[in-house]
Amino acid sequence: EARRRPLGDLLRQFATLREVGLATLRDLQLGERDLDRRGRHPGFGPVTLRQHLATWTVHDLTHISQIVRVLALQYQEDVGPWRKYLRIVQ
């Protein structure tokens, strides 16, 4: 479904959802001790809030990485002989 939507719309949706998530997180006013609180994940067993939040951050960075790769691919031919030095367009 997302492949049929314009990239600008997808980026705006990503930004909106990310801001809502960050606002919710700020509203919790978590302290250092909170980050070490443990929960149980059904597949991993014991996990900390710190680990969960770090995973959320890396998940967002993965989406940003995907966006950058798609944007870079449009220059695949234009970079000419430098293409072999630019892994992102290979």
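Residues numbered from 1 in each chain as written. Predicted model: local features only at pLDDT ≥ 70, side-chain atom pairs only at ≥ 80, totals over all residues. Heavy atoms only, no water.

**Q** So what's going on with the overall build of the protein chain? Which residues, and what values?
**A** In terms of regular secondary structure, the protein chain is built from 3 helices and 2 strands. The order of α-helices and β-strands along the protein chain, N terminus first, is α-α-β-β-α. By the compact-globule yardstick of 12 Å for 90 residues, the protein chain is too spread out, its C-alpha radius of gyration being 18 Å. When its C-alpha atoms are laid out on the principal axes, the protein chain stretches across 55 × 30 × 25 Å. By the burial criterion, 10% of the 90 residues in the protein chain qualify as buried. Intrachain contacts of the protein chain at a sequence separation of at least 6 include 20% that bridge at least 24 residues. Accessible surface for the protein chain amounts to roughly 7900 Å². Of this, 57% is attributable to carbon and sulfur atoms. Of the charged side chains in the protein chain, 15 are positive and 10 negative; the average position of the first set lies 6 Å away from that of the second. (Helix = DSSP H or I, 4+ residues; strand = E, 2+ residues; numbered from the N terminus. Rg over C-alpha atoms; globule rule 2.2 N^0.38 Å. Buried < 20%, exposed > 50% of the residue type's maximum accessible area, 1.4 Å probe, protein only. Contact = heavy atoms within 4.5 Å. Areas by Shrake-Rupley, 256 points an atom, 1.4 Å probe, with all protein chains shown as cover. Lys, Arg positive; Asp, Glu negative; His and termini not counted. Charge placed at Lys NZ, Arg CZ, Asp CG, Glu CD.)

**Q** Pulling in residues and values, what's your account of the pairing of strand β2 (residues 45-48)?
**A** Across 4 bridges, strand β1 (residues 38-41) lies against β2 in antiparallel orientation. Of the residues in β2, the one forming a bridge with R40 is P46. Counted between consecutive antiparallel strands, the loop separating β1 from β2 contains 3 residues. (Pairing = 2+ DSSP bridges.)

**Q** Lay out the side chain of D60 in plain terms, naming residues and giving numbers.
**A** Its place among the elements puts D60 in helix α3 (residues 49-73). Using a relative accessible area of 11% as the deciding quantity, one classes D60 as buried. With residues near it in sequence (within four places) discarded, D60 still touches F14 and R18.

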